[in-house]
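As a plain string of letters, each chain reads:
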Amino acid sequence: LLSIFQADGSVSGVLSTGNTIAVEATDSPLRVDGLVYHSPGLGVRVVSGSPVFNGSAFYAHNETAVEVQGGSPTISNSTFSLSADRRDATGVLVEGGSPTVDSSTFIGTSPPALTIGVVAWQASSPTVRGSSFSNLERAAVMYSFGYRLEGNAVEAWLRAHPAQS
């Protein structure tokens with residue numbers, strides 16, 4: 001676990017395969033490049049601050065890859081590979097704050113049961129732009145009034161695989 005509290009700096013090339021959070025950022029403008037996360041366990045938790053996660057790969061099975069509780073993190077040029085068989089696997093769970101997800105890829109398994117790219121709750125205002133979503137049960141679920149979805153591509157599983165529907 002990398003727990004960054006009120007500190008500025010950068011981290012690169014981290015591989016996380018354990019049962020604990022890979023990175024937790026609180027009130028920090030941290031920059032993380034090339035994080036590779038494999039579940040079990042939560043990948044990243046942002047409590048507050050404006051950390052940047054760039055060029056990362058998240059492999060989540062029955063887990064959440066990134067949880068945003070507050071702050072304004074940026075997640076860019078990252079890949080989320082999601083699979084599930086018992087409970088939801090979520091790429092980015094937004095409980096608060098105003099994160100930006102930019103130019104990222106969300107991929108589910110076939111069939112795409114229980115996989116969700118982005119979930120945003122009422123106390124949040126996320127922006128998701130220039131990202132692609134494929135083979136997911138749900139690309140995005142927004143319970144927030146302040147969300148922005150701009151220039152995203154969504155490929156429905158049934159349309160992409162008509163012979164299996």
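Being a predicted model, the structure only gives us computed values, none of them experimental.

### Concerning the side chain of T100
Here is step 1 of the chain: For T100, the location among the structural elements is in strand β14 (residues 100–102).
Here is step 2 of the chain: Among the residues examined, T100 registers a relative accessible area of 15% and is labelled buried.
Here is step 3 of the chain: Discounting chain neighbours no more than four positions away, the residues touching T100 are P73, T74, I75, T127 and R129.

### Details of the sheet that holds strand β18 (residues 132–134)
Here is step 1 of the chain: Spatial strand order, β3-β6-β9-β12-β15-β18-β21: seven strands in an open sheet with parallel pairing. Only two strands of the sheet have a single partner each, and these edge strands are β3 (15–16) and β21 (153–155).

### Observations concerning the pattern of salt bridges
Here is step 1 of the chain: Following the criterion strictly, the structure yields seven salt bridges and no others.
Here is step 2 of the chain: Between D33 and R31 there is a salt bridge whose closest N-O contact spans 3.0 Å.
Here is step 3 of the chain: In this structure, the salt-bridge partner of R148 is E150, at a minimum N-O distance of 2.2 Å.
Here is step 4 of the chain: Because the salt bridges share partners, they merge into one network encompassing E24, R45 and E67.

### Looking at the packing of aromatic side chains
Here is step 1 of the chain: Going through the model one piece at a time under the given rule, you end up with five aromatic pairs.
Here is step 2 of the chain: With a centroid separation of 6.2 Å and 50° between ring planes, the pair formed by Y37 and F58 is classed as tilted. Note that Y37 is positioned in strand β6 (residues 36–38) and F58 in strand β9 (residues 57–61), a separation of 21 residues in sequence.
Here is step 3 of the chain: A ring pair is formed by F106 and F133, whose centres lie 4.7 Å apart and whose planes are at 10°; its orientation type is stacked. Residue F106 is located in strand β15 (residues 105–108), and its partner F133 is located in strand β18; the two are separated by 27 residues in the primary sequence. Each member of the pair, F106 as well as F133, carries the same accessibility label: buried.
Here is step 4 of the chain: Among the aromatic residues, those joined into a ring-pair cluster are Y37, F58, F80, F106 and F133.

The rules we used
- Residues numbered from 1 in each chain as written.
- Predicted model: local features only at pLDDT ≥ 70, side-chain atom pairs only at ≥ 80, totals over all residues.
- Heavy atoms only, no water.
- Helix = DSSP H or I, 4+ residues; strand = E, 2+ residues; numbered from the N terminus.
- Buried < 20%, exposed > 50% of the residue type's maximum accessible area, 1.4 Å probe, protein only.
- Contact = heavy atoms within 4.5 Å.
- Pairing = 2+ DSSP bridges.
- Salt bridge = Lys/Arg side-chain N within 4 Å of Asp/Glu carboxyl O.
- Phe/Tyr/Trp six-rings, centres within 6.5 Å; stacked < 30°, edge-to-face > 60°.

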